[in-house]
Amino acid sequence: MRVLLNGSPQEVDAGTTAAELVVLAGAPPTGVAVALDGAVLPRSRWATVLVEGATVEVLTAVQGG
Amino acid sequence: MGTGGATNLAVLERALVASGTELTTVAMRRVDAGGGTGVLGLLERLGIAVLPNTAGCRGAAEAVLTAQLAREALGTSWIKLEVVADERTLLPDVVELVDAAERLVDDGFTVLPYTSDDPVVARRLEDAGCAAVMPLGSPIGTGLGIRNPHNLEMIVAAAGVPVILDAGIGTASDAVLAMELGCDAVLLATAVTRATDPERMARAMRAAVEAGFDARHAGRIPQRFWAQASSPVRDFWTQDTSNPSQADS
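Only a predicted model underlies this, so the values are computations on that prediction, with no experimental measurement involved. (Residues numbered from 1 in each chain as written. Chains lettered and ligands numbered in written order. Predicted model: local features only at pLDDT ≥ 70, side-chain atom pairs only at ≥ 80, totals over all residues. Heavy atoms only, no water.)

**Q** It is not clear to me how the overall build of chain B should be interpreted in this structure. Could you clarify?
**A** Looking only at helices and strands, one finds 10 helices and 7 strands in chain B. A globule of 249 residues ought to have a C-alpha radius of gyration of about 18 Å, yet chain B, at 23 Å, is considerably larger. Taken along its principal axes, the extent of the C-alpha atoms in chain B is 90 × 40 × 30 Å. For chain B, buried positions account for 43% of its 249 residues. Contacts in chain B between residues at least 24 apart in sequence constitute 63% of all its contacts with a sequence separation of at least 6. When the accessible surface of chain B is totalled, it reaches about 12900 Å², and 50% of it is carbon and sulfur. Side chains of chain B carry 20 positive and 31 negative charges; the gap between the two charge centres is 3 Å. (Helix = DSSP H or I, 4+ residues; strand = E, 2+ residues; numbered from the N terminus. Rg over C-alpha atoms; globule rule 2.2 N^0.38 Å. Buried < 20%, exposed > 50% of the residue type's maximum accessible area, 1.4 Å probe, protein only. Contact = heavy atoms within 4.5 Å. Areas by Shrake-Rupley, 256 points an atom, 1.4 Å probe, with all protein chains shown as cover. Lys, Arg positive; Asp, Glu negative; His and termini not counted. Charge placed at Lys NZ, Arg CZ, Asp CG, Glu CD.)

**Q** Sorry if this is basic, but what is going on with empty space enclosed by the protein here?
**A** Where empty space is left becomes clear once a probe the size of a water molecule has been rolled over the atoms. Residues and elements named next belong to chain B. Per the counting criterion, the structure on display carries 1 cavity of 30 Å³ or more. There is about 30 Å³ of room inside the largest cavity. As for the largest cavity, its lining consists of D117, L136, G137, I146, R147, N148, L152 and L165. Class assignment of the residues belonging to the lining of the largest cavity gives a composition of 4 nonpolar, 2 polar and 2 charged. (1 Å grid on protein atoms, 1.4 Å probe; cavity = no way out; pocket = protein on both sides within 12 Å on 5 of 7 lines; lining within 4 Å. Points joined across faces, edges and corners; volume = space filled by probe spheres on them. Nonpolar A, V, L, I, M, F, W, Y, C, P; charged D, E, K, R; others polar.)

**Q** For this particular structure, what's the right way to read the packing of aromatic side chains?
**A** Residue and element names in this part refer to chain B. One pass over the full model with this rule turns up 1 aromatic pair over all chains. A ring pair is formed by F225 and W226, whose centres lie 4.8 Å apart and whose planes are at 90 degrees; its orientation type is edge-to-face. With a relative accessible area of 73%, F225 lands in the exposed category. (Phe/Tyr/Trp six-rings, centres within 6.5 Å; stacked < 30°, edge-to-face > 60°.)

**Q** Honestly, the layout of surface pockets in this entry has me stumped. Any pointers?
**A** Of the voids in this model, the largest pocket is the one considered here, and its volume is about 700 Å³. Ranked by residue count, the leading element in the lining of the largest pocket is helix α9 (residues 198-217) of chain B, at 6 residues. For the lining of the largest pocket, the per-class residue count stands at 18 nonpolar, 5 polar and 4 charged. If you add up the space inside the second largest pocket, you get close to 600 Å³. Together, 29 residues line the second largest pocket, and G64(A), G65(A), E82(B), I140(B) and T190(B) are the ones closest to its centre.

**Q** What's the story with helix α2 (residues 39-46) of chain B in this structure? I'm lost.
**A** The α-helix advances 3.6 residues per turn, and as a result positions three or four apart in sequence lie on the same side. Along α2(B), the residues that are buried comprise V39(B), L40(B), L42(B) and L43(B). Mapping the buried residues of α2(B) onto a view down its axis gives an arc of 160 degrees, with all of them on the same face. Away from its buried face, by an angle of more than 90 degrees, α2(B) presents the exposed residues E44(B) and R45(B). For α2(B), the secondary structure elements touched by its buried residues are β5 (55-63) of chain A together with α1 (9-19), β1 (23-30), β2 (49-52) and α3 (60-74) of chain B. Positive backbone phi, approximately 70 degrees, marks G47(B), located one or two places after α2(B). (Arc of directions from axis to C-beta.)

**Q** Looking at this structure, I do not really get α9(B). What am I missing?
**A** Residues and elements named next belong to chain B. For α9, built from 20 residues, the straight-helix expectation of 28 Å at 1.5 Å per residue is met to within 8% by its first-to-last C-alpha distance of 29 Å. Against the buried residues of α9 lie α1, α7 (172-180) and α8 (190-193). Looking one or two residues beyond α9, the residue adopting positive phi is G219, at roughly 75 degrees. (Expected span 1.5 Å × (residues − 1).)

**Q** For this particular structure, what's the right way to read the side chain of N6(A)?
**A** Tracing the chain through its elements places N6(A) in the loop between β1 (2-5) and β2 (8-11). Only 2.7 Å separates the side chain of N6(A) from the backbone nitrogen of V58(A), close enough to count as a polar contact. Not counting residues within four places of it along the chain, the set of residues in contact with N6(A) comprises V56(A), E57(A), V58(A), R30(B), V31(B) and D32(B). (Polar contact = N/O pair within 3.5 Å; in protein donor to acceptor, adjacent residues only side chain to side chain.)

What follows is the structure in structure tokens.
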């Protein structure tokens, strides 16, 4: 199925979780947050199984401000 | 001090240490953006607290979600709230800013808003429950200093929360002026990180903030139009013209 990861279409297996997508995005182990369909997905719910067309943002802190 | 603009982490580390800062800003970006993810490790090692910002956000909804993501990622409810109107000026969109501030305060955040130097907007932000107000001296990254010192004085005079000058500082004298005008702190990045010698400029800024703070609280003299001698005005030695030997000397 297809999801949108950080703005890019991504082909993933059915049953893929948010946590698996975080790994796929190349995120560091800490300092990461996930938004699923425009709302924060707390780390405690990263086991959530994604559905076709889900929009996932994986963010971390960088130099700025 | 902010972390933006440093060419590499080693330069940033030396500047942060020289500045003496205990709190520094970071931005939230997509992990594939290649934005140097080592900054968190550096700040942890230096024992400097992290203040995430909402830089780049253009509307209240975007800023609120970014703040919530920052809280989730970094475990802090402190947020430097930025909602800018356009890329050319990077000036705050104060309508969206006040809206976002109200929503974030309701959501339990400690909100530190980057705002214009408008005393009325500063008051609205304080009324919204912001923990401080952070007016600009001039637009972000311009180094133009404090373009409207009187506005800043009015903000300071009316504020019941700390006032932090945020943006526009170019050199140490700008930081001194901000503190002399009554600001509680300054927040700066570009002036240090893009200086030829960031570590040395960071040291200058630290000294400037301390100097301005002391000058503000030391009770400066009133300004006067005519000179006022600092040496005693009595008991002058006066030349005795009747004594030839003295007159010749």
